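# Structure assessment
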Amino acid sequence: MLDDDRVDTVKRLLFDYVKSPSLRHIKDTYMLIKLAQDIVKKLDRGNSPWTKWTGPREQLVESATACWIPINDLQDHLNRMEGPKLSFSDVEQRLKAFADERYSEYPRDELREGCLAVYEAEKVLGTEVPAIVGVLRDHIEKEEERLRQEQDAHFRQLREAEAAAAEQRLLSGADCKWTPQQGTKDVFCRVNGRLFRLTTTTDKRVELYRSEGLEAGKGTLLGRYLKRGDATKAVAQIAYQPEFQR
């Protein structure tokens, strides 16, 4: 690999890496190690067993790795580029090899229909394959963001439903884990039919109370603990001990 090609290769990998909107991702140790491995692999490709693949061919196929694109069309375009003739299997297996190197860059099944529709529309317009690959990558990025937002909304709805169900269980008098109650920062749980309240003190410790109702600030103090887990262990024992008769 020529020096200019090596610089271009490293530059392209770095540009792709810093496209991430997440600083946490960019600083992640595992991702940095993976980036270093990718750079070394690219620079060492002069000894690659893939002898039919020139730099431009490899760049195009690597860009297309996560895209749904007809392999026959990609093969036709690659064979018009400089280099030995490529068979269908040459292209198919090179795509798989790139996907294996990049771990999660296999095309996502749920994006197949949309990608192929975009591809056919661009093909009708006469857009050449490298440009279509760029359009597909933009399309995939937008679709993945949409799917992420939908997933976040779904999980948020699940959490809200679970919180509502937990509160209803608390209000119904059934045994339940620590559950927030509207109108107070305290949490309540019920074990063996007995109601307990947990409140956080100013020094970030917790106080455990035996309660008769769901009102904040009422009940009998049972103990002070470093964290909620300690209070939970205490409740597991106290709830089955004879209660003090007043």
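Overview of the structure.

## So, the overall build of the chain
- Broken down by element type, the chain carries nine helices and five strands.
- Listed N to C, the secondary structure of the chain is α-α-α-α-α-α-α-α-β-β-β-β-β-α in terms of helices and strands.
- Within the chain, buried positions represent 34% of all 246 residues.
- When the accessible area of the chain is evaluated, it comes to approximately 16200 Å², of which 52% is carbon and sulfur surface.

## Focus: the nonpolar core
- Within the largest apolar cluster, 24 residues are counted, with the highest numbers of intra-cluster contacts made by Ile69, Leu74, Leu78, Val91, Leu95, Val133 and Leu136.
- At six residues, helix H8 (residues 129–172) tops the list of elements feeding residues into this core.
- With residues near it in sequence (within four places) discarded, Val91 still touches Trp53, Ile71, Leu74, Gln75, Leu78 and Leu86.
- Core analysis: the second largest hydrophobic core is formed by 13 residues, Val187, Val191, Leu198 and Leu208 among them.

## What about the sheet that holds strand S2 (residues 187–191)?
- Read from one edge to the other, the open sheet built from five strands follows the order S1-S2-S3-S4-S5, with strand pairing classed as antiparallel. A strand with exactly one partner marks an edge of an open sheet, and here the two such strands are strand S1 (176–180) and strand S5 (220–225). Averaged over neighbouring strand pairs, the angle between their axes works out to 25° when direction is ignored.
- As paired elements, strand S4 (residues 206–211) and S5 share five bridges and run antiparallel to each other. Bridge assignment links Tyr209 to a residue of S5, and that residue is Leu221.
- Seen against the sheet, H8 touches S1, S2 and strand S3 (194–200) and runs at an angle of roughly 110° to S1.

## Quick look at the packing of aromatic side chains
- Counting across every chain of the model gives zero aromatic pairs.
- The ring of Phe98 has Arg94 sitting right over it, with the charged end atom 4.1 Å from the ring centre.
- The aromatic ring of Phe196 is capped on one face by Arg210, whose charged end is 5.8 Å from the ring centroid.

## Some thoughts on the packing of helix H7 (residues 112–124) against H8
- It is at 10 Å that the axes of H7 and H8 come closest, and there the two elements cross at 145°. Considering only the axes of H7 and H8, their crossing is right-handed. Two secondary-structure elements touch here, H7 through Gly114, Cys115, Val118, Tyr119, Glu122 and Lys123 and H8 through Ile132, Val135, Leu136, His139 and Ile140.

## Re the pattern of salt bridges
- Under the criterion given, the structure shown has 13 salt bridges.
- Residues Glu58 and Arg94 are paired through a salt bridge, measuring 2.9 Å at the closest nitrogen-oxygen approach. A residue pair is termed long-range when its members are at least 10 positions apart, and Glu58 in helix H4 (residues 55–63) and Arg94 in helix H6 (residues 88–101) qualify at 36 residues.
- Take Glu58: its relative accessible area is 7%, and that puts it in the buried class.
- The residue Arg108 makes a salt bridge to Glu110 at a minimum N-O spacing of 2.7 Å.
- Here Arg108 falls in the partly exposed class, since its relative accessible area comes to 30%.
- Connected through shared salt-bridge partners, Arg108, Glu110 and Glu144 make up one network.

## Here we look at unusual backbone geometry
- Even without being a glycine, Asn192 presents a positive backbone phi close to 55°.
- Examined against the element boundaries, Asn192 turns out to sit in the loop between S2 and S3.

## Focus on the side chain of Asp73
- With respect to the helices and strands, Asp73 occurs in helix H5 (residues 71–79).
- Once you skip the residues sitting within four places of it in the chain, Asp73 turns out to touch Tyr119, Lys123 and Val129.

## A short note on the side chain of Arg197
- Within the secondary structure layout, Arg197 lies in strand S3.
- A distance of 2.8 Å separates the side chain of Arg197 from the side chain of Asp186, its partner in a polar contact.

How each quantity is defined
- Residues numbered from 1 in each chain as written.
- Predicted model: local features only at pLDDT ≥ 70, side-chain atom pairs only at ≥ 80, totals over all residues.
- Heavy atoms only, no water.
- Helix = DSSP H or I, 4+ residues; strand = E, 2+ residues; numbered from the N terminus.
- Buried < 20%, exposed > 50% of the residue type's maximum accessible area, 1.4 Å probe, protein only.
- Areas by Shrake-Rupley, 256 points an atom, 1.4 Å probe, with all protein chains shown as cover.
- Core = buried A, V, L, I, M, F, W, Y, C linked by side-chain atoms within 4.5 Å.
- Contact = heavy atoms within 4.5 Å.
- Pairing = 2+ DSSP bridges.
- Axes fitted to C-alpha atoms, helices over the stretch in contact; angles between N-to-C directions.
- Phe/Tyr/Trp six-rings, centres within 6.5 Å; stacked < 30°, edge-to-face > 60°.
- Lys NZ or Arg CZ within 6 Å of the ring centre and 35° of its normal.
- Left-handed = near helix turned anticlockwise from the far one by under 90°.
- Salt bridge = Lys/Arg side-chain N within 4 Å of Asp/Glu carboxyl O.
- Polar contact = N/O pair within 3.5 Å; in protein donor to acceptor, adjacent residues only side chain to side chain.

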